[in-house]
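Listed below are the residues making up each chain.
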Amino acid sequence: MSDIEILKRLYKEYTSKYLKKIIIAVFFTVLLAVSTSSVAYLLDPAIKQLFIEQKHELIYIIPGLIVLAFAIKGSSLYLAKILMIGVSEEVRKDVQIDMFDSLIRADTKVIDGKHSGKFISNLTNDVDMITNLISTVILNLFKDSLTLIGLLSVMFYQNWKLSLIAIIMIPLASFAAKSLGKRMGKVVGQQMIKAGVLNTYLMDLFKNHKLTKVFQKEEYEKRRAAEFISSLKETAKKIAIIFMRASPIMEFLTGIMIAILIFFSAKLVAKGELEVSNFFSFLAAMMLAYQPVRSLASLNIAIQQGLAGAKSVLPIIDIVPEVKDVPNSKELSVEKCQITFANVQFNYDKNEQQILNSVNLDIPGEKMTALVGLSGAGKSTILNLIPRFYNINDGDIKIDNQSIYDCSLRSLRKNISLVSQDTTLFDDTIKNNILYANLDASENEVKEAAKFSFADEFIEKLPNKYETIIGENGIRLSGGEKQRLSIARAILKKSPIILLDEATSSLDAETENKIQKAITFLTKGRTTVVIAHRLSTILNASKIYVIQKGTVIGQGKHDDLLKSSEVYLNFYEKQIRKS
Ligand code: ADP
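Calculation notes
- Residues numbered from 1 in each chain as written.
- Predicted model: local features only at pLDDT ≥ 70, side-chain atom pairs only at ≥ 80, totals over all residues.
- Heavy atoms only, no water.
- Pairing = 2+ DSSP bridges.
- Helix = DSSP H or I, 4+ residues; strand = E, 2+ residues; numbered from the N terminus.
- 1 Å grid on protein atoms, 1.4 Å probe; cavity = no way out; pocket = protein on both sides within 12 Å on 5 of 7 lines; lining within 4 Å.
- Points joined across faces, edges and corners; volume = space filled by probe spheres on them.
- Nonpolar A, V, L, I, M, F, W, Y, C, P; charged D, E, K, R; others polar.
- Near = heavy atom within 4 Å.
- Polar contact = N/O pair within 3.5 Å; in protein donor to acceptor, adjacent residues only side chain to side chain.
- Areas by Shrake-Rupley, 256 points an atom, 1.4 Å probe, with all protein chains shown as cover.

Undergrad: So what's going on with the pairing of strand S1 (residues 339-346)? Residues and values would help.
TA: Of the strand pairs in this sheet, S1 and strand S2 (residues 356-363) are connected by five bridges, and their pairing is antiparallel. Paired with Ile339 across the strands is Ile363, a residue of S2. Examined bridge by bridge, S1 and strand S4 (residues 394-399) share five bridges and lie antiparallel to one another. Opposite Phe341, over in S4, you have Ile397 as the bridge partner.

Undergrad: Give a description of the layout of surface pockets that names residues and reports values.
TA: Considered as a void within the structure, the second largest pocket measures approximately 280 Å³ in volume. Leu7, Tyr11, Thr15, Val137 and Ile138 are the residues nearest the centre of the second largest pocket, which is lined by 13 residues in total. Elements that contribute at least two residues to the lining of the second largest pocket include exactly helix H1 (3-15), helix H2 (19-52) and helix H5 (116-158). The element best represented in the lining of the second largest pocket is H5, accounting for six residues. Looking at the lining of the second largest pocket residue by residue, the classes come out as twelve nonpolar, one polar and no charged.

Undergrad: Summarise the site of the ligand; cite the residues concerned and give the values.
TA: Taken together, Tyr348, Ile355, Leu374, Ser375, Gly376, Ala377, Gly378, Lys379, Ser380, Thr381 and Tyr390 are the residues near the ligand. Within the side chain of Tyr348, one N or O atom sits 3.5 Å away from a nitrogen atom of the ligand. Measuring from an oxygen atom of the ligand, one finds a side-chain N or O atom of Ser380 at 2.5 Å. Expressed as a share of its isolated accessible area of 560 Å², the protein-covered part of the ligand is 60%. Residue composition of the shell around the ligand, by class: five nonpolar, five polar and one charged.

Don't take any of this as a statement about function, it's just geometry.
In structure tokens, the structure reads:
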């Protein structure tokens, strides 16, 4: 997308709806331009009539008018700024909500493909640049160009020859600013990438802080952090320097301009073509024009920054999920929830090797089916395909004889609960973590779910019971407690299909027993697909599939498989028996 297209899009989608406010802000910038110009203009009568002609009747009027002009100047600038800040904050909100909306619907693949720290940096730093583009650029564009026009009018009114000389200098200044703006765009892009990297690094560091401690890598991390921070500092400095470079150039050009003007003015005064009062008014207008010219010259920098921000933000808003409903998708109507995989082919990345090769599964309804196999065999992948976290490449997956690809995602996922081994909890209260399955559930239903998952006994012992905040990903709970909470959540959902990724970590016998009971309650009479690691689970399963390198190499009951599948026997000897 070209820069112009980006600006057009930002205007159309985010700014145009605040046009009314912007127009009012522009009206105030007109007042600002008029009042600033009148200050310069008023110097002419002030000098001429008060000092030269000494008209005493004006001794209150002219200073009074100057005070009034300044008062209007100050308040109109204030009002214009307030309005534009309001608009830009609205735009920030809209952009962030759109980004969020897009990310929450984005494919698992997209979310997995980028570190969450980068998304956070996109949502904050990059959006900041866009907000600045809207507040600063729109405001300054009108404020400075109108003020400049006003002041130029005063200058021409006072003396056109001097004005022409002054005007010749302006393109010089804008030329300098343009080249600075280009360089700025590059550096700002680097800055944003670096900020994203720092975010990512910090998030990892906090997540793995125990690792840092036990491997005693504090000094190493300090050095790494210092490197990131220093490199960020370097670019920040570069940006500031490029930004400030406009300043000495402008000062120098202004100096030359004033010198040349004084030279010519002296000649014009000598020839009688210019009065002293005109000259001072002209000079004041020119000096006042310095700020708007400077600000307009650096506008390009803010535009470049905003464009760089928009270039990382808009593609996120534009993410089109691959996993979506087909047109006229049907509602999945469930009976027994029998799940079949027919010749399923799948890989995570189109260019990479096949992860699942012609997988055929016939998962009976209302019973438990176990998937076993070595790590990396493809068991989690199979589980992830059922709620359509990913689309398959070929083949079909059916529930009660309806292809899940013909059904709406909503109706599909409504019928599925996921209890994964990396129990995922929110930094919220116990109650809200369970309620996540069904926000409309009553307090009693939550308590009942907790009871059947054996979570109530530890919840009751917590200081605030169901209102206890559990910390980031349940940091304040033990592994077994977290698992029971996630089972409670699944119990509350009451879905007919349960996908269970059994925890590999072993717990004490008592906790283990409770979790087993909770799972038995949860999965009773439901279609359950479990990635099994424990013998008890496997023995409970009505069917076992042995997965190896993305294909099914055996199926049946435990006893049959022990006889018929060497791989299973090996697996059983190595993996299961010891647990
Ligand atoms: P299992 O659950 O049997 O241990 P997985 O289904 O997790 O096996 O993994 C099967 C294969 O898919 C592995 O080779 C793994 O590297 C790959 N894989 C798993 N998840 C992803 C992912 N998100 N992106 C790319 N490859 C993946």
